[in-house]
Amino acid sequence: MSFFKRLKEKLTGKTSEEQIQQETIEETTEEKEEVEQPIADVAAEPEQEHPLAQAEQVEETVEEETKAVEEEQAEKEKKPSAWSITQKFKMGLAKTRDTFTSKVNDLIARYRKVDEEFFEELEEILLQADVGFETVMELMDELRFEVQRKNMNDTKGIYEIICEKLVEIYEKGEEGISELNLQPEGELTVILFVGVNGVGKTTTIGKLAHRLKNQGKKVMLAAGDTFRAGAIEQLQIWGDRVGCEVIKQSEGSDPAAVIYDAINAAKKRGVDVLICDTAGRLQNKVNLMKELEKIHRVISREIPNAPHEVLLALDATTGQNALIQAQTFKEATNVTGIVLTKLDGTAKGGIVLAIRNKLNIPVKFVGLGEKIDDLQPFDPERYVYGLFADSLDKELSKAE
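Residues numbered from 1 in each chain as written. Predicted model: local features only at pLDDT ≥ 70, side-chain atom pairs only at ≥ 80, totals over all residues. Heavy atoms only, no water.

K.L.:
So what about the confidence of the model for the chain? Which residues, and what values?
P.N.:
In the predicted model, the chain carries a mean pLDDT of 81, and 78% of its residues have values of at least 70. Taken as a whole, residues 15-32 scores under 50 in pLDDT and shows three contacts with residues more than four places along the chain or in a different chain. Within the model, pLDDT remains below 50 along residues 34-46, and this stretch shows one contact once partners closer than five positions in the same chain are excluded. (pLDDT = per-residue confidence, 0-100. Contact = heavy atoms within 4.5 Å.)

K.L.:
Describe the pairing of strand E2 (residues 219-222), and please don't skip the residues or the numbers.
P.N.:
Every second residue of E2 is oriented toward a common face, with Val219 and Leu221 on one face and Met220 and Ala222 on the other, all of them buried. Sheet topology note: the E2/strand E4 (residues 273-276) ladder contains four bridges and is parallel. Of the residues in E4, the one forming a bridge with Ala222 is Cys276. Pairing analysis gives three bridges linking E2 to strand E3 (residues 245-247), with the strands arranged parallel. When the bridges of E3 are listed, Met220 appears paired with Glu245. Read from E2 through helix H10 (residues 231-242) to E3, the crossover connection turns out right-handed. (Buried < 20%, exposed > 50% of the residue type's maximum accessible area, 1.4 Å probe, protein only. Helix = DSSP H or I, 4+ residues; strand = E, 2+ residues; numbered from the N terminus. Pairing = 2+ DSSP bridges. Right-handed = clockwise from strand over helix to strand, strands pointing away.)

K.L.:
Help me get a handle on the sheet that holds strand E8 (residues 375-377), residues and values and all.
P.N.:
The eight strands are arranged E3-E2-E4-E1-E5-E6-E7-E8 in an open sheet whose pairing can be described as mixed. What marks the edges here is a single partner per strand, and that holds for E3 and E8. The average undirected angle you get between the axes of adjacent strands in this sheet is 25°. Across three bridges, the pairing between strand E7 (residues 363-367) and E8 is antiparallel. Bridging across to E8, Phe365 finds its partner in Pro377. (Axes fitted to C-alpha atoms, helices over the stretch in contact; angles between N-to-C directions.)

Right, here's the structure in full:
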């Protein structure tokens, strides 16, 4: 199966051909049941029921079927479709696409064959999108090898190779790297959020809590950022908004003590997920890192193997500065995943690849807008689609 066909299935959840086949099978089955059912009834029940009893039975059946259809429809509306999620990535990466993809399109239009000059210009475009030097060099090597292997004489088909290699470089042969490490039912999952002030950490915590609640989880928040003025109140507002209890103390309290109280409260109340906020004063680096280490020790003492996730919130609009922050926090605590906020607000969305490739930390969530449901689990295929959506739409229609 070609890359475009695989991409289409991933983005839509099912190919149009499969949907038609499935609908045809369901219609045929329903028609067959309607024809066979009266025959079976006659054979089993030679005596005819009273008309009133038959009417009541039909009415009950209709009510049951209507209820089942309504429940199924409500469930579908509750869960976003694969295509609607894909569209969020498309809209969220519009700024990057407007600058990055237009340059790639212009490059492909100007070159009839893929030669060294073509690669040098493509390299420059990728660097401008903050893909990162190491990642660009790796991608160029992969592209050169693939072009040579396929003996490509022109730029036709170069989009497919670029997209496929970007996904491969991100995934590095690992599956499920973007999934949260949630514990089995009945066990408490502790998620520790770290990151500097101003990156949207508290807002992201609120959005993640909303997401987990919609999945049926009982969520609690811990106001561990006792240093920044207004941080506790801001988290409380989010807690009220999404319907989560917030464990807090007064401003200036020991953050580790707040987390300790929150863990005990979560255990008593049968909470599924505890999300802990922390301070982000990077200018006071030594004290901040000591504080994070202390919080980590308290959590590990109360719950072995916890925290189960240490998520670092980074502002995508800061580009390479986000990479420096990630390196700093990685030294202080075992960061298990990145939450890249404000991806919709930058033209340098290539930072996703730079973070993954240089630090070997997966991006678990991305912020694609201001709405409460615009925090989405990161997906490499949807990300690449978002980068090249305008051009890929044409290629995907050809692949049908």
